[in-house]
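Spelled out from the first residue to the last, the chains are:
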Amino acid sequence: MKDTALSETAMLASLRDIRLPPETPGGLVAELAVASGLAGLAALLVVGLLRLLSNRRAVAQELGPTDPMAALADKPEAERRIALLHLLRARAPERYAAIRGDLYRREGGIEQKALEAEVARLV
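Residues numbered from 1 in each chain as written. Predicted model: local features only at pLDDT ≥ 70, side-chain atom pairs only at ≥ 80, totals over all residues. Heavy atoms only, no water.

**A look at the overall build of the protein**
Phase 1: Scanning the protein from terminus to terminus reveals six helices and zero strands.
Phase 2: A burial count over the protein gives 15% of its 123 residues as buried.
Phase 3: Within the protein, contacts between residues separated by at least 24 positions form 53% of all contacts whose residues are at least 6 apart in sequence.
Phase 4: Working note: accessible area of the protein is about 10,600 Å², and carbon and sulfur atoms make up 61% of it. (Helix = DSSP H or I, 4+ residues; strand = E, 2+ residues; numbered from the N terminus. Buried < 20%, exposed > 50% of the residue type's maximum accessible area, 1.4 Å probe, protein only. Contact = heavy atoms within 4.5 Å. Areas by Shrake-Rupley, 256 points an atom, 1.4 Å probe, with all protein chains shown as cover.)

Next up, the structure:
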């Protein structure tokens, strides 16, 4: 290296253009490929972030009272019956399968008190 400073014209002449010349192979096609790749990567990141946020919200909604029977005490009878049937299906699917056909009969299948007692025994 030299100990003397370069003149302004020598310094400007030594600077190089940072852009590629337009006749590079694959110029426009390569730029389009890079742009679409970066857009795809950004879309994957956004989808991953949204999925993470939606899973946390779903877990937060599932958390409720630890005793499901206590949570059903203040609901109307029709809603309580449906919730009890959902609990029975989750905890004892074989018993739910046995009474499923009777649920659509005019009498309503299993009585409310018997259903509550059966679900309380499982919980």
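**A few points about the pattern of salt bridges**
Phase 1: Within the structure shown, the criterion is met by two salt bridges.
Phase 2: Among the salt bridges present, the one from Glu118 reaches Arg95, with a minimum N-O distance of 2.6 Å. In this pair, Glu118 is assigned in helix α6 (residues 112–122) and Arg95 in helix α5 (residues 93–99), connecting sequence segments 23 residues apart. (Salt bridge = Lys/Arg side-chain N within 4 Å of Asp/Glu carboxyl O.)

**Here's the deal with helix α4 (residues 77–91)**
Phase 1: Look at α4: 21 Å from first C-alpha to last across 15 residues, which is about the 21 Å you get at 1.5 Å a residue.
Phase 2: All buried positions along α4 are accounted for by Arg80, Arg81, Ala83, Leu84, Leu85, Leu87 and Leu88.
Phase 3: At its buried positions, α4 is contacted by α3 (68–71), α5 and α6. (Expected span 1.5 Å × (residues − 1).)

**Considerations on the confidence of the model for the protein**
Phase 1: Of all residues in the protein, 79% have pLDDT values of 70 or greater, and the mean over the chain is 79.
Phase 2: Averaged pLDDT values over the elements of the protein bottom out at 73 in α3 and peak at 86 in α4. (pLDDT = per-residue confidence, 0-100.)

**Here's the deal with α6**
Phase 1: Taken residue by residue, α6 has Gln112, Leu115, Glu118 and Val119 as its buried positions. One face of α6 carries all of its buried residues, which in axial projection span an arc of 130°. Exposed residues on α6 whose side chains face more than 90 degrees from its buried face are Lys113 and Arg121.
Phase 2: Buried positions along α6 lie against α3, α4 and α5. (Arc of directions from axis to C-beta.)

**Quick notes on the nonpolar core**
Phase 1: Leu85, Leu88, Leu115 and Val119 are the most contacted members of the largest nonpolar core, which has 13 residues in total.
Phase 2: At the level of secondary structure, the elements contributing two or more residues to this core comprise α4, α5 and α6.
Phase 3: For this core, the element with the most residues is α4, which contributes five residues.
Phase 4: If near-sequence neighbours (up to four positions away) are discounted, Leu115 is found in contact with Arg81, Leu84, Leu85, Leu88 and Ile110. (Core = buried A, V, L, I, M, F, W, Y, C linked by side-chain atoms within 4.5 Å.)

**Digging into the side chain of Arg80**
Phase 1: Relative to the elements of secondary structure, Arg80 occurs in helix α4.
Phase 2: A distance of 3.1 Å separates a polar atom in the side chain of Arg80 from the backbone oxygen of Lys75.
Phase 3: Ignoring sequence-local partners within four residues, the contact set of Arg80 consists of Leu72, Ala73, Lys75, Gln112 and Glu116. (Polar contact = N/O pair within 3.5 Å; in protein donor to acceptor, adjacent residues only side chain to side chain.)

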